[in-house]
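One letter stands for each residue in the lines below.
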Amino acid sequence: MAESAWWMHGIVYEIYPRSFQDSNEDGVGDLQGIRQRLDYLTWLGVDAIWIAPIHPSPMADFGYDVSDYCEVDPLFGSLSDFDDLLRDAHSSGLKVILDFVPNHTSDQHPWFKESRSSRLNPKRDWYIWRNGKSDGVPPNNWVSQFGGSAWTFDASTEQYYLHSFLREQPDLNWRKPAVRHAMYDVLRFWLDRGVDGFRVDVLWLLIKDAELRDNPPNPNYRLHDAEINRYLNIYNGDQPEIHEVVAEMRSILDQFDQRILIGEIYLPVERLVSYYGNGSNGVQLPFNFQLISTPWNAQKIAQLVQDYEKALPPGGWPNWVLGNHDQPRIAARVGEAQARVASMLLLTLRGTPTMYYGDELGIGRVEVQSELVQDSWEKTEPGLGLGRDPWRTPFQWNNSTNAGFTKGRPWLPLDPDYRLRNAEELKKDPTSILCFYKQLIELRRHCRAVNSGTYRSIGVQGNIFAYERCNGDDRITIALNMGMESQSVSAPLGITAASVLLSTHLDRSGPISELTLRANEGVILGMS
Ligand code: NOJ
């Protein structure tokens, strides 16, 4: 594995295509829209865009219910729009990563239509069909991610089919070789077109327990938790045979130059790292979501980094994620001021960072009134705060109507503060969060210690977490105040005689002999 592989030092930027830029006034973002905004992405300095699904879909789960893997949904454009985007992205130096959704198709996919047509259909076992335990009782106790049983009874053939998500998203049977081959052809189709890799949706769920055993109850389940947490989900995913599948996918990618597999895997660190395989038969980046789930304080975050670094297998390249289209935005979780500290952490830890579109503007939670709700999870389990609409609202480009996102009616409301919080305005303010992101990304790009150096924890003192990154003679210290009060760094951390290269507050630089961090301040220090 070459140290210089683009995905090791580069930054991945997730685009939720419905919400980035609309080019045809239908209120939904599209591929031409993304193409029009490539200049912004190169200005910001990211290296790769991961675009959430763009394939034909009834949109029950906004593209995660695919009805044709080798086409583009007309809502987003056409295959030729995709080729144009890919060509222009590549000539701007940007890589393009597509979302690959192998666990389930749409119930409108021709494969499922065939499968459900008769018990004797050759595609019957491309999906997971079973008899109920008894009349009206599903085959086992598995719960759908969006609540309710993971099984739906199909009256015409009198069997249940499995769906880990909505009933409109039937699970494919990955134990069946023909399914694997059909899906590998999909990978080849896009690789031949020139895509640089895939983010693989719910990779750990592809293979289920061969006997489909009941999951054990979760003793920590509480009323008002999402229903999926009612059981310990040990039999509906993460089975040993998944690693065969991953190895097969990887061998296809490796027939092409410098392509990448990123696995969406929500598992504890010790299970997560098994998806690296032996380095050449796993995914290059099993998404590490620990920053999203860990309580935001210096002690806990320092511990998490240590545990993760320690768990990595030899040659396993780390990666960090701060947000995505399923999770509350970072500014909503920790506040805008601390969100700058969070981004400094994300972009200076060892490994590949993944950013979420709009976090660089400091967008927080956007209120979506009940009559405007779009997300199916909010509809299946209403009122529990599980809906993902507040984190998927349109990008805010300028202070014109609808923030320059669309001339039509936006599919989700915009943050009402867009007249001030938008890319054009923030670019003009040299102290804005956007300008901070840009400087941070630039520093990361040029500083070998940060983009490819070693990591060493210096320690935690009160609310401050400090660590060092080193590459040859380049030595950088990062000190983050994760608290709301100013604090001086004292002797045990030993940070003296340094020079401030960047502060989250963007108001100081140059030599210092002692370090006091203000509330919500992080600094990157060059060490002499
Ligand atoms: C994970 C995706 O990120 C999420 O948005 C989707 O609902 C599920 N997988 C189902 O595909």
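Computed from a predicted model, the values in this text were never measured in an experiment. (Residues numbered from 1 in each chain as written. Predicted model: local features only at pLDDT ≥ 70, side-chain atom pairs only at ≥ 80, totals over all residues. Heavy atoms only, no water.)

**Q** I keep staring at the environment of valine 195 and nothing clicks. Help me out?
**A** Structurally, the position occupied by valine 195 is in the loop between helix H6 (177-193) and strand E7 (197-200). In contact with valine 195, not counting residues within four places along its chain, are Phe82, Leu86, Val96, Leu98, Trp190 and Arg259. (Helix = DSSP H or I, 4+ residues; strand = E, 2+ residues; numbered from the N terminus. Contact = heavy atoms within 4.5 Å.)

**Q** Please explain the environment of phenylalanine 165 as it appears in this structure.
**A** You can see phenylalanine 165 is positioned in the loop between strand E6 (159-162) and H6. For the pair phenylalanine 165 and arginine 250, spaced 85 residues apart in sequence, the C-alpha separation works out to 25 Å. If we ignore the near neighbours within four places in the chain, the residues touching phenylalanine 165 are Asn103, His104, Ser144, Gln145, Phe146, Val202 and Leu205.

**Q** Explanation requested: empty space enclosed by the protein in the structure shown.
**A** To find leftover empty space, a probe the size of one water molecule is rolled over the atoms. Inspection of the entire model under this criterion finds two cavities of 30 Å³ or more. Within this model, the second largest cavity holds a volume of roughly 30 Å³. Leu322, Gly323, Leu346, Thr354, Met355, Tyr356, Asp359 and Tyr437 are the residues that line the second largest cavity. The element best represented in the lining of the second largest cavity is strand E11 (residues 352-356), accounting for three residues. By residue class, the composition of the lining of the second largest cavity is five nonpolar, two polar and one charged. (1 Å grid on protein atoms, 1.4 Å probe; cavity = no way out; pocket = protein on both sides within 12 Å on 5 of 7 lines; lining within 4 Å. Points joined across faces, edges and corners; volume = space filled by probe spheres on them. Nonpolar A, V, L, I, M, F, W, Y, C, P; charged D, E, K, R; others polar.)

**Q** Honestly, the domain arrangement of the chain in this entry has me stumped. Any pointers?
**A** How large an interface is tends to be reported as the accessible area lost when its parts come together. One can read the domain layout of the chain as domain 1 (6-105 + 176-440), domain 2 (110-162) and domain 3 (452-527). A C-alpha centroid distance of 56 Å is found between domain 2 and domain 3. (Domains from an automatic or database assignment.)

**Q** What exactly am I supposed to notice about the site of the ligand here?
**A** The local shell around the ligand holds 13 residues, among which Asp61, His104, Asp201, His325 and Asp326 are the closest. In the model, an oxygen atom of the ligand is placed 2.5 Å from a nitrogen or oxygen of the aspartate 61 side chain. Burial of the ligand by the protein amounts to 97% of the accessible area it has alone, namely 290 Å². Classifying every residue of the shell around the ligand by side-chain character gives four nonpolar, two polar and seven charged. (Near = heavy atom within 4 Å. Polar contact = N/O pair within 3.5 Å; in protein donor to acceptor, adjacent residues only side chain to side chain. Areas by Shrake-Rupley, 256 points an atom, 1.4 Å probe, with all protein chains shown as cover.)

**Q** Honestly, the pattern of salt bridges in this entry has me stumped. Any pointers?
**A** Any two side chains of opposite charge can pair, on the condition that their charged atoms come close. Scanning the entire structure with this criterion turns up 40 salt bridges. Between arginine 199 and aspartate 99 there is a salt bridge, with its nearest N and O atoms 2.8 Å apart. Within this pair, whereas arginine 199 is found in strand E7, its partner aspartate 99 is found in strand E3 (residues 95-100), the two being separated by 100 residues in sequence. For the residue pair arginine 199 and aspartate 99, the accessibility class agrees, reading buried in each case. Aspartate 326 is the salt-bridge partner of arginine 392, the closest N and O atoms lying 3.2 Å from each other. Here arginine 392, found in the loop between helix H13 (376-380) and helix H14 (423-428), pairs with aspartate 326, found in the loop between strand E10 (319-321) and helix H11 (330-334); they are 66 residues apart in sequence, far enough to count as distant. (Salt bridge = Lys/Arg side-chain N within 4 Å of Asp/Glu carboxyl O. Buried < 20%, exposed > 50% of the residue type's maximum accessible area, 1.4 Å probe, protein only.)

**Q** Quick question: what am I supposed to make of the side chain of glutamate 521 here?
**A** Counting through the fold element by element, glutamate 521 comes out in the loop between strand E18 (516-517) and strand E19 (522-527). Taking relative accessible area as the criterion, glutamate 521 reaches 0% and is therefore assigned buried. For glutamate 521, the side chain forms a polar contact with the side chain of serine 503, separated by 2.7 Å. Beyond its immediate stretch of four places on either side in the chain, glutamate 521 contacts Val341, Ala479, Leu480, Asn481, Ser503, Thr504, His505, Arg508 and Thr516.

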